[in-house]
Every structure is written in structure tokens, then in C-alpha cells.
Amino acid sequence: MKIWMIRLKCFAPALIWLCWICPTTAQQNKPAALPPMGWNSWNHFRDKVDDASVRAQAEAMVSSGMRDAGYTYINIDDTWEGERDAKGNIQTNSKFPDMKALADFVHNKGLKLGIYSSPGAKTCAKYEGSLGHEMQDAQTYAAWGIDYLKYDLCGLNAVMKAAPTPEAAHQIMIDAYIKMRDALRSTGRPIVYSLCQYGVDAVWEWGASVGGNLWRTTGDISDKYARMAEIGFGQAGLGRFAGPGHWNDPDMLEVGNGKLTLGENRVHFSMWAMLAAPLLAGNDLPNMSPDVKAILTNKDVIAIDQDKLGHEGTRVYSDGEVDVWTRHLVGGAMAIAVVNAGPDRVSTHPFHLDLAKLGLHGAQQSTDLWTGKDMQLTDNIPLEIPSHDILLVRLASPK
Ligand code: GAL
């Protein structure tokens with residue numbers, strides 16, 4: 001006993017030190033343990049984003065209940081960049097008079113601030129990129145209090161095209177992403193690293209190895225149902241590359257944008273949850289309708305997205321215009337999504353859910369996550385799902 005006490009005394013300082021650095025190190029190495037949730041300026045504001053609109057989004061994120069529902073990041077996309085100063089430090093342009101003050105404002109609301117750059121000389125919108133200034137930019141971001149970087153290949157495309165072989169082009173891209181990863185890490189600040197290169201060279205196979213916490217798997221989404229659906233239903237099979245700390249990113253949400261109907265918004269949000277996708281709202285939060293707010297803050301659907309197992313869902317089968325997806329959840333639970341993707345109403349094409357195809361045997365108790373009601377699923381149960389709408393259920397104990 002005495003010897004143990006002495007040993008404990010000797011190791012105590014080391015233990016205290018370890019306990020002190022462990023959470024920090026773990027956080028630094030593993031930001032985005034769950035798919036990041038927040039808001040990004042691009043889908044709604046494009047180049048019109050400015051300090052005032054970002055502050056308004058942060059305020060609305062709190063007052064709408066979105067922060068309490070799990071949304072954390074307020075991400076400024078392209079067009080914030082100004083010129084570099086004489087020492088090469090990146091400056092903001094006149095739309096963002098003081099990025100540090102903006103970060104403080106966002107942090108004081110219990111939120112985090114994200115920013116955007118490119119490994120090329122110019123961004124997609126032809127603003128200043130980070131090429132040749134990676135370390136300097138990472139230091140600047142950290143000094144401002146930035147918590148998230150979306151790094152968009154765009155400006156490097158021309159350099160890659162000039163490479164002698166596809167392998168050389170690929171290496172240019174890998175090196176560029178590693179360079180910024182190392183620069184971000186050297187700041188000692190946990191900064192989520194979001195790769196944006198539209199899925200080039202099957203990024204899901206190597207995104208995590210260059211430090212990506214998430215990587216875009218596709219080109220840009222739009223606020224049209226067809227494009228959203230093309231992206232959402234096109235993700236099947238990528239799940240094995242994703243998991244805690246490294247996620248497939250089918251692009252930011254268009255929920256509440258364009259002419260998407262409520263059913264289409266439900267399809268969009270449900271599918272992103274099934275895909276364990278980052279949930280980055282892209283609408284104008286202060287001006288969203290109560291219906292859109294209800295979709296974005298549906299806690300049961302968010303819980304599917306944020307399930308700690310981090311196991312992305314996939315399509316199990318399709319029958320005509322109807323798609324059936326499942327996602328395995330922590331504790332043996334399961335989510336099932338049945339989507340009527342086609343333009344015709346399902347009543348003209350009766351759909352019967354084949355539970356055996358989902359590995360289920362006999363009647364199942366479930367909760368409909370959009371109505372909140374209990375629902376018993378029996379084998380071959382006929383389902384009436386309107387066109388461009390979805391049934392999303394959770395089974396606590398699938399059999
Ligand atoms: C695109 C990117 C969009 C947005 C835009 C900004 O390349 O996919 O999400 O960031 O650049 O210019």
C-alpha cells in the first residue's frame with residue numbers, strides 16, 4: 001500500500017500533465033467527431049455576403065433555436081478576401097472591416113466562425129487564394145479566431161492541367177492539401193479542415209490521409225429538386241470511406257431556398273441525415289418560414305445525422321421511382337427512409353415495403369420522424385408517399 005502511495009506521488013505530476021493535454025490533443029486531432037453542423041453563406045448570399053449579414057445569421061441561429069439543436073459553425077464562403085499587405089498578410093475586403101471582431105461576436109453567441117480559401121493563386125470567384133502563403137494564412141486565421149476552413153481547389157485547376165501526367169496533377173493537389181493541413185496544425189488551434197474539390201480523383205479514398213475532416217463528393221448543389229436529388233441519391237456506396245472525424249460532404253443544404261416544396265425540403269434534409277452529411281444550412285436564417293425552421297430543427301432527424309456510430313446509410317433497393325435506404329445507428333437501432341423520388345403520385349403506383357429485403361423479420365415498431373407518431377411496419381405494408389416526399393422512421397429495436 002505504502003509503495004503504491006509513493007509510486008502514485010511520483011507519477012502524479014505526469015498524470016496531471018497528461019490529463020491536461022489529452023483533451024486538447026484529442027480535440028486538435030479529431031475535430032468534427034460528428035458531421036459538422038452550421039450555416040454557410042454561399043447558397044443564398046453568393047458575393048453579397050458581408051459583416052452585417054453574417055452577424056444577422058449568427059443572431060438568428062440562436063433565436064431560431066438552431067444553435068440549441070446543434071448548429072455551431074457560421075461559415076463565410078468566397079468573396080471576403082482583400083489584397084495582401086506589404087508583408088504578404090491576407091487582408092479582408094471592405095465588406096468585412098474587422099474579422100477578429102466578427103469572430104469575437106460569433107464566439108460570444110456560443111458559435112464558431114469558418115472561412116474559405118483556395119490552394120490556388122485565386123479562388124473560384126477570382127479573389128486572393130493561399131498559394132505560396134499557406135503558413136501565413138493559417139496563422140492569420142488562427143489569430144482572427146477562425147474555427148473552420150473550406151479549402152476550394154478551383155484556382156489550382158490551371159496548374160494541374162499544365163502537369164505532364166494525370167499522376168503529376170494528382171500529386172500537385174495532394175501536396176497542396178497536405179501543405180494547408182500542416183499549416184493549420186502548426187497553429188495549435190483546432191480548425192475543421194473541409195476539402196472542396198468536387199470529388200476529383202475519388203477524394204473519399206484519400207481525403208482523410210491529407211487531414212480532411214470532410215470532403216465534397218460532387219460538384220455544386222443548386223436549389224432545384226433535380227440537382228439536389230441527383231446528388232443525394234448518387235451517394236450510395238461511399239459510406240465505407242466516412243466515419244467519425246472524416247465525412248463525405250454532398251454539399252451544403254438548400255433547405256428553404258429556391259422553389260423547393262416542403263416535401264422536397266424534407267427529402268433533402270432526411271437524405272443528408274441518412275448520409276451522415278455535414279448539415280450546413282444555406283438559407284437566409286433571419287427570414288426563414290416557420291415550416292423551414294421546423295425542418296432544420298427537427299431533433300429526431302438531426303439525431304440520425306449525428307448518430308455517434310457515424311455509420312453512413314445506403315440504398316438497399318429501389319422499386320420504380322421509390323428508393324429505400326437504411327442507416328445503422330448506435331445501440332442496434334436503425335433508420336429507414338422510403339423516398340418517392342418520381343414526379344408521379346405514389347397512389348397510382350402502390351408501393352409495398354419489403355421488410356425482408358432490409359434484413360427485418362415480421363412486424364416492427366417504429367417512430368415516424370416527421371409526424372412524431374408511432375408506426376407499426378408490417379411486412380409488405382402499403383405506403384402512400386406523395387411525389388417528392390419521404391417517410392423517415394426510426395426503429396429502436398429492429399428484429
Ligand atoms: C465553388 C464551390 C462552392 C463555392 C464557390 C465559391 O467552387 O464548390 O461551394 O464555395 O466555389 O466561389
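In this numbering scheme, every chain counts its residues from 1 along its sequence in written order. Thresholds applied to this predicted model are a pLDDT of at least 70 for local features of residues and 80 or more for the giving and counting of side-chain atom pairs; totals over whole chains, interfaces and linings are not thresholded and use all residues. Hydrogens are left out, water is left out, and the side-chain values use all remaining heavy atoms of the structure.

Considering the domain arrangement of the protein
Next, step 1: All domain edges in this entry derive from an automatic or database-based domain assignment. When the domains of the protein are assigned, the result is domain 1 (29-305) and domain 2 (314-395).
Next, step 2: A straight line from the C-alpha centre of domain 1 to that of domain 2 covers 31 Å.
Next, step 3: Note on terms: buried area is the combined drop in 1.4 Å-probe accessible area of two parts once they are placed together, counting the loss on both. Summing both partners gives a buried area of about 1,800 Å² for domain 1 against domain 2, and 68% of it is carried by carbon and sulfur.
Next, step 4: For the domain 1 face of the interface with domain 2, the top three residues by lost area are Phe233, Met274 and Ile304, together amounting to 35%.
Next, step 5: In what follows, salt bridge is the name for a side-chain nitrogen of Lys or Arg lying within 4 Å of a carboxyl oxygen of Asp or Glu. Here domain 1 and domain 2 share one salt bridge between them.
Next, step 6: Here Arg266 makes a salt bridge to Asp389, at a shortest N to O gap of 2.8 Å.
Next, step 7: Identification of polar contacts relies on pairs of N or O atoms within 3.5 Å, with a donor-acceptor requirement for protein atoms, meaning one able to donate a hydrogen and the other able to accept it, and with residues adjacent in sequence counted only if both atoms are side-chain atoms. At the surface where domain 1 touches domain 2, the tally comes to 10 residue pairs in polar contact (both at pLDDT 80 or more).
Next, step 8: Secondary structure elements with two or more residues in the side of domain 1 that touches domain 2: α9 (225-233), α10 (262-274) and α12 (299-305).
Next, step 9: The element that contributes the greatest number of residues to the side of domain 1 that touches domain 2 is α10, accounting for nine residues. Strands here mean DSSP runs of E at least two residues long; helices mean DSSP runs of H or I at least four residues long; both are numbered from the N terminus.

Concerning the packing of aromatic side chains
Next, step 1: Stacked, edge-to-face and tilted are the three classes for Phe, Tyr and Trp ring pairs, Trp counted by its six-membered ring, which pair at centre distances within 6.5 Å; planes under 30 degrees apart are stacked, over 60 edge-to-face, the rest tilted. Applying the stated criterion across every chain, the model contains eight aromatic pairs.
Next, step 2: Ring centres of Tyr141 and Trp144 lie 6.4 Å apart, and the angle between their planes is 40°; this geometry places the pair in the tilted category. Remark: Trp144 and Tyr141 occur in helix α6 (residues 134-144); sequence separation between them is three residues, near one turn of the helix. The two residues Tyr141 and Trp144 agree in class, both being buried.
Next, step 3: Considering the side-chain rings of Tyr151 and Tyr177, the 5.8 Å spacing of their centres and the 80° angle between planes classify their relative orientation as edge-to-face. You can see Tyr151 sitting in strand β6 (residues 148-152) and its partner Tyr177 sitting in helix α8 (residues 166-186), a full 26 residues away along the chain. Comparing Tyr151 with Tyr177 shows no difference in burial state: the two are buried.
Next, step 4: A network of ring pairs unites the aromatic residues Trp80, Tyr141 and Trp144 as a single cluster.
Next, step 5: Should the NZ of a Lys or the CZ of an Arg lie within 6 Å of a ring centre and within 35 degrees of the ring normal, that charge is described as sitting over the ring. Residue placement shows Lys109 over the ring face of Phe105; its charged tip is 4.9 Å from the ring centre.
Next, step 6: One Lys or Arg, Lys357, reaches over the ring of Tyr317 and ends 4.4 Å from the middle of that ring. Whether a residue is buried, partly exposed or exposed follows from its accessible area with a 1.4 Å probe, protein chains only, as a fraction of its type maximum: under 20%, in between, or over 50%, in that order.

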